[in-house]
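Coordinate analysis (summary)
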2 protein chains.
Amino acid sequence: MSYERENIRQMSGYVSGEQPSADDTIKLNTNENPYPPSPKVDEILKSINIDALRRYPPATANRFRDLAAELHQLSRENVIATRGGDELLRLVITTFVDPGEKIGMTAPTYSLYPVLAQIQACPTVSLPLKDDWSLPDDFATQMNEQNVKLTLLVNPHAPSGSLIPLEQLTQLADELDSLLLLDEAYIDFVDHDYETSRLALAYDNVIILRTLSKGYSLAGLRFGYGLASPSLIEPMMNKTRDSYNLDLISQQIAEAAIEDQAHARTSWQQVIDERERLRNALQAMGFESPMSQTNFLLVTVPKTSPDAFSIYQKLKERHILIRYFDADGLADKLRITVGTPEENQKLEAALSELLS
Amino acid sequence: MSYERENIRQMSGYVSGEQPSADDTIKLNTNENPYPPSPKVDEILKSINIDALRRYPPATANRFRDLAAELHQLSRENVIATRGGDELLRLVITTFVDPGEKIGMTAPTYSLYPVLAQIQACPTVSLPLKDDWSLPDDFATQMNEQNVKLTLLVNPHAPSGSLIPLEQLTQLADELDSLLLLDEAYIDFVDHDYETSRLALAYDNVIILRTLSKGYSLAGLRFGYGLASPSLIEPMMNKTRDSYNLDLISQQIAEAAIEDQAHARTSWQQVIDERERLRNALQAMGFESPMSQTNFLLVTVPKTSPDAFSIYQKLKERHILIRYFDADGLADKLRITVGTPEENQKLEAALSELLS
């Protein structure tokens, strides 16, 4: 017999991007930062006294919360530290959305969202983006009419890289009856001043998700955080969070990384510059790509070339991994993480060959 | 307005043991191992190349799963690696227990269990232990009559330190209609051959929880694992678990720690020896204490001495932390973690003074 709950039995899990087996693989498929984390991370790692691991870690990660609060000009009570952005997404659903209540999102969106909704036995309301990847004009109205309890928006959007204007976010926070979670995993790669943390002060229905995975080159660490009003942070901190959700080492590393803003910002600018160069190069080869405010590009394969899935496969044979989505509106497209200049040039050379 | 779900709004969170502010505190309140982790942990920590942190970690922790499987003579498919035992408890509930279904446990038990049940909106069925801390004879019958879906047993039991005989566990697995989770956080301190992992092979309703927090001196790392039939492991691995639940560093440290069985076993024997010495010393002072198979003792305060809470408070003033539970059947008792011989002797001296 199966002991699984019916909603779990019926669901499929999340499928994460491939991890290459060959060491020489150029990995442009899971939006990792191509530059290493801060050297302060190394110093901390080498200085840890393992005897401290005997004891439980700081339960609430207050030192990290204070550093994040300072960075965003908020208070500790506006911050929760989590095991990657994933834990925050789970906590928001567990704390605020009853089984059977609706979770709203766009199509396409981060493919983890429907999986998390299924775990909580929540139906999803999925509204297609416009052709230019912007939100439909009646997005908030539709979400409200459908009684959505939580709206999840990736901003800048994945897989398109497009950014929602700040004024539109304010309007959404005003108009939506639901909680609004802004998943800002890629926000560090926006090429102009753009800071949403004021929304966490001004609105009691907005939760901002940030992660150290991309901007701070620490995908392997699993560390993220949420910004919101204390009324939203408090129940996640004190009720639904696993008691010691963050180990001692990752807390110390995360503190060192977020303190070294100069190092992180240098890598962001390098990625932004290289993103523009790569986008121009790919467009010159016929791969249309909208402006991206992330560390990846969504390119449309030229009609005259092999189809998107073939290109994905042929690149993989050459040990270059990019992402293909077998999904509505994405079948003729490929998502390419911005790598180092050297990695990107190898990609360009391989694409040239495939197209010739 | 409050956005919290009604069950969350009504609950209180788990309260973990105090973390001392003073450096000279003798910390005998949260059952940490008094001896340091394996020196291999230090070697691994110092050898980590931080550039590897750029990338996502191994998603399924297969190397650790293989090592744990080898240790328990099981297969990888019988093992799930989790962020401490806490994550496994949460996953078992999320995967197998619908909101409204009942979760069974003993009274007293680990105070986290009712909290986890409330998060999933599950009622609890709590059966009092007998005076000698053993299970009531009709435990399985009562759980079945109440339609319990999941039974949680701490074994060896906390806070009493008592162990359920192997034959009784087999009988429970046979008789219970529910899933049976054996929380073996303290099993490494049992003073004789006692291994329950065969139950994970023989029964499709048994889940065994293990942790590196106590036996491997790694409470700060947050690493545990579950042993069960593949039919129970698979949905937790592939559906309900956060996609990358374990960071790269903690996986490597956990692998090193579990491989160094010689180091861990030495600390277990030291704790066992010291536990017996401390128990005899406390009994000589009038503190009755049953045999313990864990790294702590539950002592009853002599009727002629100050009450248990006063002793707890007076020790705290002297920077010695132990645990007092304001709960049925525990109000005249104190739980004392077995420390190093030096720490325990300081405790004995302080108790002597308080009683004189």
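Residues numbered from 1 in each chain as written. Chains lettered and ligands numbered in written order. Predicted model: local features only at pLDDT ≥ 70, side-chain atom pairs only at ≥ 80, totals over all residues. Heavy atoms only, no water.

1. Some remarks on the overall build of chain A
For chain A, the count of helices and strands is 13 helices and 11 strands. Here chain A has a C-alpha radius of gyration of 21 Å; the compact-globule value for 356 residues is 21 Å, and the two agree. When its C-alpha atoms are laid out on the principal axes, chain A stretches across 60 × 55 × 55 Å. The proportion of buried residues among the 356 residues of chain A is 62%. The long-range share in chain A, meaning contacts at least 24 apart out of those at least 6 apart in sequence, stands at 74%. When the accessible area of chain A is evaluated, it comes to approximately 13,300 Å², of which 48% is carbon and sulfur surface. Chain A carries 33 positive and 51 negative side-chain charges, and their two centres are separated by 5 Å. (Helix = DSSP H or I, 4+ residues; strand = E, 2+ residues; numbered from the N terminus. Rg over C-alpha atoms; globule rule 2.2 N^0.38 Å. Buried < 20%, exposed > 50% of the residue type's maximum accessible area, 1.4 Å probe, protein only. Contact = heavy atoms within 4.5 Å. Areas by Shrake-Rupley, 256 points an atom, 1.4 Å probe, with all protein chains shown as cover. Lys, Arg positive; Asp, Glu negative; His and termini not counted. Charge placed at Lys NZ, Arg CZ, Asp CG, Glu CD.)

2. Some points on the pairing of strand β3 (residues 102-107) of chain B
Residues and elements named next belong to chain B. Examined bridge by bridge, β3 and strand β5 (residues 148-154) share three bridges and lie parallel to one another. What sits directly across from I103, in β5, is L150. In this sheet, strand β4 (residues 124-128) lies alongside β3 in parallel orientation, the contact comprising five bridges. Bridge pairing links M105 to S126 in β4. Of the crossover connections in this fold, the one passing from β3 over helix α5 (residues 112-119) to the parallel β4 is right-handed. (Pairing = 2+ DSSP bridges. Right-handed = clockwise from strand over helix to strand, strands pointing away.)

3. Some words on the pairing of strand β11 (residues 333-337) of chain B
Two faces, one strand: in a regular strand the side chains alternate between the faces of the sheet. Residues and elements named next belong to chain B. Counting buried residues in β11 gives five out of five residues, a clear majority hidden from the surface. The pairing of strand β9 (residues 296-300) with β11 spans five bridges and is classified as antiparallel. By the bridge assignment for β11, V299 is matched with L334.

4. Description of the relation of the copies chain B and chain A
Rotating chain B by 180° about the axis while translating it 0.0 Å along that axis superimposes it on chain A, leaving an RMSD of 0.0 Å. Both copies are brought into coincidence by an operation consistent with a two-fold rotation axis. Relative to the rotation axis, the closest C-alpha in chain B is found at K46 of chain B, a distance of 2.6 Å. Counting the interface residues of chain B, we find that 99% of their copies in chain A are interface residues as well, pointing to one common contact surface. (Least-squares fit on C-alpha atoms with pLDDT ≥ 70 in both.)

5. A few points about the confidence of the model for chain A
Averaged over every residue, the pLDDT of chain A is 96; residues scoring 70 or more account for 100%. Here the complex is predicted with pTM 0.97, and the ipTM for its interfaces comes to 0.96. (pLDDT = per-residue confidence, 0-100.)

6. Some words on the environment of S75 of chain B
Residue and element names in this part refer to chain B. Summarising the element assignment, S75 is placed in the loop between α3 (62-71) and β2 (79-82). S75 sits in the partly exposed class, given a relative accessible area of 36%. Residues S75 and P230, spaced 155 residues apart in sequence, show a C-alpha to C-alpha distance of 9.1 Å.

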